[in-house]
Amino acid sequence: MMRIETIPEYEISRDVNQLIIRLLVDSFPSYPPDRSYYKILPQFRYLVWADEKLIAHMAIEHRVITNTGIPARIFGLIEVCVASPYRGQKIATTLLQQIEKLGRTSKVDFLMTFADDHRLYAQNGYQRVANICRWMKVHEHETTGIDERTMSDCMMVRQISIQKWHDGTVDLLGYLF
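A brief structural summary.

### Concerning the packing of aromatic side chains
Moving on, step 1. This structure, assessed with the given rule, holds seven aromatic pairs.
Moving on, step 2. Consider the rings of Phe44 and Tyr46, whose centres lie 6.1 Å apart with planes at 55 degrees: the pair is tilted. Each member of the pair, Phe44 as well as Tyr46, is classed as buried.
Moving on, step 3. An aromatic cluster is defined as three or more aromatic residues linked by ring pairs; in this entry it consists of Phe28, Tyr31 and Tyr38.

See below:
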């Protein structure tokens, strides 16, 4: 029996945090082996359980960005992953559907991600965009500056409100999630 849990970051126990770390390290070979986040903690996570085993994960960043100077509310999707024995069962698609549903009821304008593999997101209505993107650079718990460049190889957006996405500069008003 599969169960999906939505949990604020501050409520995650040490034991669950260790399970998240293991799943992330198994899913992303260059992932830091000592923490459950890559740069900065997310606001909340979706965790998928099969009995007591953590089989999938999606972290969410909730913030305001600007798209050509126009404020937009977003959910940023981070570290969407499914344990290898459970892939191909539409679990990641179910997670994307869950965050879209929450976004539509929570006054969110867009869902965003930065993905090396676009297939899952494209199949679920996300579009690659070629905006110039500005963000705060973070490395090993230190702010190292501001960067600005196109992220056309990995930046994907899904519109979920009436607000339109525009070409031009996107200011993430924070780190690159």
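### A closer look at the nonpolar core
Moving on, step 1. Formed by 24 residues in total, the largest nonpolar core has its most connected members in Met58, Ile60, Leu77, Ile99, Leu111 and Tyr121.
Moving on, step 2. At the level of secondary structure, the elements contributing two or more residues to this core comprise β2 (44–50), β3 (53–67), β4 (70–82) and α2 (91–105).
Moving on, step 3. For this core, the leading source of residues is α2, giving five residues.
Moving on, step 4. Apart from residues lying up to four places away in sequence, Tyr121 is in contact with Leu77, Val80, Leu96, Thr113, Ala115, Tyr126 and Met156.
Moving on, step 5. Ile74, Phe110, Cys133 and Trp135 belong to the second largest nonpolar core, which has 21 residues in total.

### As for helix α1 (residues 14–27)
Moving on, step 1. Along its 14 residues, α1 runs 20 Å from first to last C-alpha, staying within 8% of the 20 Å computed at 1.5 Å per residue.
Moving on, step 2. Along α1, the residues classified as buried are Val16, Ile20, Ile21, Leu23, Leu24 and Ser27. Looking straight down α1, one finds that the buried residues subtend no more than 170 degrees of arc, so they occupy a single side. Turned more than 90 degrees away from the buried face of α1 sit Arg14, Asp15, Arg22 and Asp26, all of them exposed.
Moving on, step 3. Packing partners of the buried residues in α1 comprise β2, β3 and β4.

Parameters and conventions
Residues numbered from 1 in each chain as written. Predicted model: local features only at pLDDT ≥ 70, side-chain atom pairs only at ≥ 80, totals over all residues. Heavy atoms only, no water. Phe/Tyr/Trp six-rings, centres within 6.5 Å; stacked < 30°, edge-to-face > 60°. Buried < 20%, exposed > 50% of the residue type's maximum accessible area, 1.4 Å probe, protein only. Core = buried A, V, L, I, M, F, W, Y, C linked by side-chain atoms within 4.5 Å. Helix = DSSP H or I, 4+ residues; strand = E, 2+ residues; numbered from the N terminus. Contact = heavy atoms within 4.5 Å. Expected span 1.5 Å × (residues − 1). Arc of directions from axis to C-beta.

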